[in-house]
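Structural overview for review
The residues making up each chain are set out below.
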Amino acid sequence: MAAPVVKEQELELRIESLAFGGNGVARLEGFVLFVRRGLPGDLVRARVTKVKRSHAEAETVEVLEPGPSRVEAPCPYFGACGGCRFQDLAYEVQCEAKAAQVHDALVRIAGIAEPPLEPIVPADEIYGYRNKLEYSFANTPDGPALGFHRAGRWDEVLPVERCLLTTELGNGIRAAATEWAREEVLEAYDQKTHRGYLRHLVVREGRNTGQALVVLVTSTTEPFDPEFFIRSLTKFPEVRSIYWAVNDGEGETTNVPSKLIWGEEAIEEELCGLRFRIRPNAFLQTNTGMAERLYALAGKFAGLTGEETVWDLYCGTGTIGLSLARHARSIWGIEISEESVACALENAERNSAGNIAFFAGNVGQVVRDLLERSGPPDVVVVDPPRAGLAGKALRRLAEIGAPRIVYVSCNPTTLAGDFKLLHEQAGYELIRARPLDMFPHTPHVEAVALLEP
Ligand SMILES: C[S@@+](CC[C@H](N)C(=O)[O-])C[C@H]1O[C@@H](n2cnc3c(N)ncnc32)[C@H](O)[C@@H]1O
């Protein structure tokens, strides 16, 4: 059957629901359209942007009748900024949509008719919750400015004066860096021409300690006057570390080696009553309050009695393992980033945890060695990146057959796919699962699942 729409066509559509990733779903003669910026219940005028055999994509041009869950978005950059997608959707409905996505993935991909899904844990704070933000520099008529990529644009930066996802301190640091760049008359890097000097500013905060770390990323090793930059930032007593990093490649990454130019090597964050060191590139969950909830849930699912050998795979800076250490016999962490492992080792020492060991390595390649060292694990906690468990890691986990796997997931699709394979290869069953909203106004959803053979 030919698609009933053509590219650039404008049409009126009633949005039925939200799809995974956040687009509205509408139907025309049974044909599905994914509508950007369309919310459930809305009647919109939309322009078709892409037509495929099975579905089409469209962009909302005008909301003709707002749906019942539409609210006023408080941020003046909403819609233009690529950061938040759902400030205009009532928060309870955001949570419902996220819970439904986890449910659907478990039904559709994992093939579980009635998933044992517990109610979603909503976020404690729906604004000001991020402990890390990465800004890009842009050239404006007033000089360099800092902001975020425009929605849907990799090559354009939208300058912002206030971001509602960070704190007053985070906004103040960004404004001070902007002022410094203007006074120094420095040029922002341009993604299209690959010319210009200033690329990014990364601000990390220990939300429970009040400490901040700043990284300036430039495109070349040509030096700037550090004195003035440092003076501009240290007017905030919270700023404890200032780093400089150079990214001379075309890729938009801030994850590059950085050099300490002022202050302490690391700042600290407090999570679950423990202290954690934060260096520029070490992984730390970006919502401190909800990370505590997430780890508490993982701990509950792990059901430790003090006698267990526990693996913490994809352990980052060791936060999950350390939060479980008091309740287990021994904890063994694996992480690919050496910088994160260095932090994990420091964190173990800082928190006087004597029953925990961390190793650098790729989970798929090193779990057999780990098995030799630690003996069979009673509980395996996995917290992989969005892509989920890679084939080899999954086969090894199926082979090892731990009595309990606690799967911490930031992507329900890969959680469901990985569960299906663990079910087929090693007979694991999904005992319980609970979604959490760590990132209000974005399509991301976290979930914790308990698997037993
Ligand atoms: C979602 S984070 C979880 C970190 C940690 N559990 C936490 O809560 O802070 C995933 C981590 O997996 C690491 N990672 C990615 N691929 C890996 C692999 N193949 N083997 C080991 N670690 C990996 C990343 O560096 C990152 O620190």
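Residues numbered from 1 in each chain as written. Predicted model: local features only at pLDDT ≥ 70, side-chain atom pairs only at ≥ 80, totals over all residues.

Another aspect to go through is the overall build of the protein chain. For the protein chain, the count of helices and strands is 9 helices and 22 strands. Its C-alpha atoms give the protein chain a radius of gyration of 23 Å, within 12% of the compact-globule value 22 Å for 453 residues. Taken along the three principal axes of its C-alpha coordinates, the protein chain extends 65 × 60 × 35 Å. (Helix = DSSP H or I, 4+ residues; strand = E, 2+ residues; numbered from the N terminus. Rg over C-alpha atoms; globule rule 2.2 N^0.38 Å.)

Between helix α1 (residues 91-108) and helix α9 (residues 412-426), the least distance of the axes is 8 Å, while the angle of their chain directions is 25 degrees. The angle between α1 and α9 falls in the class roughly parallel. Seen along the crossing, α1 lies across α9 with a hand that is right-handed. Of the residues in α9, those touching α1 at Q101, V102, A105 and L106 are P412, T413, L415 and A416. Split by residue class, the contact of α1 with α9 holds 6 nonpolar, 2 polar and no charged. (Axes fitted to C-alpha atoms, helices over the stretch in contact; angles between N-to-C directions. Parallel < 35°, antiparallel > 145°, perpendicular 65-115°, else oblique. Left-handed = near helix turned anticlockwise from the far one by under 90°. Contact = placed C-beta atoms within 7 Å. Nonpolar A, V, L, I, M, F, W, Y, C, P; charged D, E, K, R; others polar.)

Moving on, we get to the sheet that holds strand β22 (residues 446-452). If you walk across this open sheet you meet the 7 strands as β18-β17-β16-β19-β20-β22-β21, and the pairing is mixed. Bordering the open sheet on either side are β18 (356-360) and β21 (429-436), each of which pairs with just one other strand. If you compare each strand with its neighbour and ignore which way they point, the axes differ by 15 degrees on average. In this structure, strand β20 (residues 404-409) lies alongside β22, joined through 5 bridges in antiparallel fashion. Bridging across to β22, S409 finds its partner in A447. (Pairing = 2+ DSSP bridges.)

Let's shift gears to the pairing of β22. Here β22 lies mainly inside the structure; 6 of its 7 residues are buried. As judged from the 7 bridges shared by β21 and β22, these two strands associate in the antiparallel manner. Looking across to β22, one finds that A433 is bridged to A449. (Buried ≥ 20, exposed ≤ 12 C-beta atoms within 10 Å, placed from the backbone.)

For the protein chain, the domain assignment lists domain 1 (10-65), domain 2 (96-124 + 287-452) and domain 3 (132-271). Summarising the inter-unit geometry, the C-alpha centres of domain 2 and domain 3 are found 32 Å apart. Taken together, the contact between domain 2 and domain 3 spans 4 residues of the former and 4 residues of the latter. A class-by-class count of the residues in the side of domain 2 that touches domain 3 yields 1 nonpolar, 2 polar and 1 charged. (Domains from an automatic or database assignment.)

As a further point, take the environment of N23. With respect to the element layout, N23 can be found in the loop between β2 (17-18) and β3 (24-28). Those residues in contact with N23 that sit more than four places away from it in its chain are F34, V35 and R36.

If you look at the biggest cluster of nonpolar residues, it comprises 117 residues, and the most contacted ones within it are V214, L294, A298, V381, V406, V448 and A449. By residue number, the principal contributor to this core is helix α4 (residues 288-302), which donates 8 residues. Two domains each provide a minimum of three residues to this core, namely domain 2 (96-124 + 287-452) and domain 3 (132-271). Setting aside anything within four residues of it in sequence, one finds L294 in contact with Q285, V408, L436, M438, E446 and V448. Of all hydrophobic cores here, the second largest spans 15 residues; its members include L13, V44, A46 and A56. (Core = buried A, V, L, I, M, F, W, Y, C linked by C-beta atoms within 7 Å.)

Lining the immediate surroundings of the ligand are 19 residues, of which F283, Y314, G316, I336 and D383 lie closest. Of all the secondary-structure elements, those providing two or more residues to the shell around the ligand are α5 (319-324) and β17 (330-335). In the shell around the ligand, the residues fall into 11 nonpolar, 6 polar and 2 charged. (Near = placed C-beta within 6 Å.)

With that out of the way, let us pick up the environment of S337. As for its placement among the helices and strands, S337 is situated in the loop between β17 and α6 (338-350). Note on S337: 17 C-beta atoms within 10 Å, which makes it partly exposed. With 24 residues separating them in the primary sequence, S337 and G361 have C-alpha atoms 7.7 Å apart.

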